[in-house]
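# Results of the structural survey
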Amino acid sequence: MGATVTVNDLLDGHVALDVQCLDRIYLNGYVPNLQVPGQVVSFMTTHLGLPLPSPAIMEKIGTAFRRSVRKFADTRGVPVVKFAKGVRKVEVMRRYLNAQAKTGASGVAAIGVAQEYQNVYASSERQGRNGMPWFSFHKADRRVTCFYFYLWDADFGPGFIKVCAYFPYPVKVWLNGHEWAKRQATLAGIGFTELSNGFATCDDPAALQAICDRLGPEVIGAFFDRWMSVLPLPLTDHDRSAGYWWELSMRQVEVSRTIVFDAPRQARAFFEALVVDNLDIGRPESVELIFTGPPKRGRPFKIGCQPKTKVVTRDTDVTVNAFFKHSRLKQYLKDGRALRIETVINCPDDLQCHRRLIHLHELQSKARDVNARLLDTERVGQGCVLASPAFERVAQSTLTEDGRRSPALRFGDPRVMALLGALCVGLNALGFTNRSLRAQVSHLLGVPYTVNQMSYDLARLRSNGLIGRRPGANTYDLTPDGQRVAIFYTKVHDRLLRPLIAANTRPPPLELRQALRTIDRHVRGYIDTARLGTAA
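Quantities reported herein were computed from a predicted structural model and do not represent experimental measurements. (Residues numbered from 1 in each chain as written. Predicted model: local features only at pLDDT ≥ 70, side-chain atom pairs only at ≥ 80, totals over all residues. Heavy atoms only, no water.)

Another aspect to go through is the packing of aromatic side chains. A complete count under the given rule lists 16 aromatic pairs for this structure. Their ring planes at 90° and their centres at 5.4 Å tell us that Phe-65 and Phe-147 sit as a pair that is edge-to-face. Of this pair, Phe-65 sits in helix H3 (residues 55–76) while Phe-147 is found in strand S4 (residues 133–153), placing the two residues 82 residues apart along the sequence. One exposure class covers both Phe-65 and Phe-147, and it is buried. Centre to centre, the rings of Tyr-148 and Tyr-150 are 6.3 Å apart; their planes meet at 20°, and the pair counts as stacked. There is no split in this pair, since Tyr-148 and Tyr-150 are both buried. Following the ring pairs from residue to residue traces out a cluster consisting of Tyr-26, Phe-83, Tyr-148, Tyr-150, Phe-160 and Trp-174. (Phe/Tyr/Trp six-rings, centres within 6.5 Å; stacked < 30°, edge-to-face > 60°. Helix = DSSP H or I, 4+ residues; strand = E, 2+ residues; numbered from the N terminus. Buried < 20%, exposed > 50% of the residue type's maximum accessible area, 1.4 Å probe, protein only.)

We now examine the packing of helix H12 (residues 414–424) against helix H13 (residues 434–445). Put simply, H12 and H13 touch, their axes get as near as 8 Å, and they point 130° apart. Viewed along their axes, H12 and H13 adopt a mutual orientation that is oblique. Our pair here, H12 against H13, has a crossing hand that is right-handed. Taken together, the residues of H13 that come into contact with H12 (itself represented by Pro-414, Arg-415, Ala-418, Leu-419, Gly-421, Ala-422 and Leu-423) are Leu-437, Gln-440, Val-441, Leu-444 and Leu-445. Split into classes, the residues belonging to the contact of H12 with H13 amount to nine nonpolar, two polar and one charged. (Axes fitted to C-alpha atoms, helices over the stretch in contact; angles between N-to-C directions. Parallel < 35°, antiparallel > 145°, perpendicular 65-115°, else oblique. Left-handed = near helix turned anticlockwise from the far one by under 90°. Contact = heavy atoms within 4.5 Å. Nonpolar A, V, L, I, M, F, W, Y, C, P; charged D, E, K, R; others polar.)

With that settled, consider the pattern of salt bridges. Overall, the coordinates contain 21 salt bridges when judged by the stated rule. The partner of Glu-254 in a salt bridge is Arg-24, and the shortest N-O contact between them spans 3.6 Å. In this pair, Glu-254 is assigned in strand S9 (residues 247–261) and Arg-24 in strand S1 (residues 15–30), connecting sequence segments 230 residues apart. Residue class for Arg-24 comes out partly exposed when judged on its relative accessible area of 32%. (Salt bridge = Lys/Arg side-chain N within 4 Å of Asp/Glu carboxyl O.)

Looking now at the nonpolar core. In this structure, Ile-111, Ile-161, Val-173, Ile-220, Leu-231 and Trp-246 are the most contacted members of the largest nonpolar core, which totals 83 residues. Every residue in contact with Val-173, bar those within four places of it in the chain, is listed here: Ile-25, Tyr-26, Leu-27, Phe-160, Ile-161, Phe-223, Phe-224 and Leu-248. Residues Cys-424, Leu-444, Leu-458 and Phe-488 belong to the second largest nonpolar core, which totals 27 residues. (Core = buried A, V, L, I, M, F, W, Y, C linked by side-chain atoms within 4.5 Å.)

As structure tokens, this is what we get:
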């Protein structure tokens, strides 16, 4: 039987390329001074100089925009595609994007048209005292026309800008950071080979990483401004000069780390070990093995902000997802030869970041830290050895450096085992709160577990140096010692002691029965040698 391959075996001496890069970037575009009803009235009266704010004005602008889109398509020979319900838009548009890419020039590959629900302004009418109609405005979800401008950009490759045809004309922008990095590397003369979405090899990894680090708000903002000056839009230059224009905020950002191995055959063994760890370490609340079948709709079910782990296998590919609040961590094997770790941020608030695009660098830095903590946790989890002094410091009551008593975390105590087992759930690389950890401890403990008990246990963990609190937040992170202690306690209890204790109550595996017989034989030999005999 060959030796088990762990993440440490792979990362120590078997990495050919390690690159961190923004992957998929999905942005919202909004007009800041058209977000409340009073601003709508001001736009129509003060800016446009009209005597009465009316939904007819919105309809007039929308009609003019739809006409300008048709004229744009006819003049430039751009295909217009009406999206059917339920289709994958990118698959429909792929052939148009490929055709535009072959030209080597930036351009609009095709325009997609869809009816979608958007948060737009609706109006209500009432009679004024003078008998004239009076309109008020409010936000509501309405099914309206949206135009998808699918682009091929010389710098970014494929992408799209979606513009809603109804007031206040929300915009969506989709880009791919890896595609941008590939084109910048080509321009810089750096040789590389591609993964399906990333890099397999590179002649100058340091220069490639420097390119990836350059992708930020300025580069994305320049892309947006460039195309908004080309596309037909509902807002005019007159509107822009008065300050009515779109700003960008982050809707979904994927921050990836791709580790390419020089021995791809070992990568699969690592993932098999990773799946085994996620099946029982901490007994996560949600672990699923899903084989190829009809795609399922909807988002993963979540209870509050409780973190959980999902292991998904499709065909021979494995994906491990750890969920926290609105965001998640993805880990999977890329093209059979690379480990891809992605932090997918669906709400920047989860990482204590603001949403506007100018905060992208801060968000990316925090997400890279999450990716690093995940990998560090797995290193510890597949090679955790706790030295005796460290074990004694945690398992026994001790004094801290400032003279305060640090309560013990006694091995085998049900509450302690549930607490440390919960710290293994979901890998906790995104951090955890009192509420999210309490839900897991209560689940593992199987008895009521109060807020006060959780607060006391958090204090125990902090005084023992196992967790740290983020400045200005009620979110905690495991320290390196915390990772080792949590995984060591849980693995020794669940994978060593529990099977041995259960060996007398249910049929144990053959290997275990053979080992126990060997132990019994040696123990009897020592008894006979000492001439102790047996009790009558």
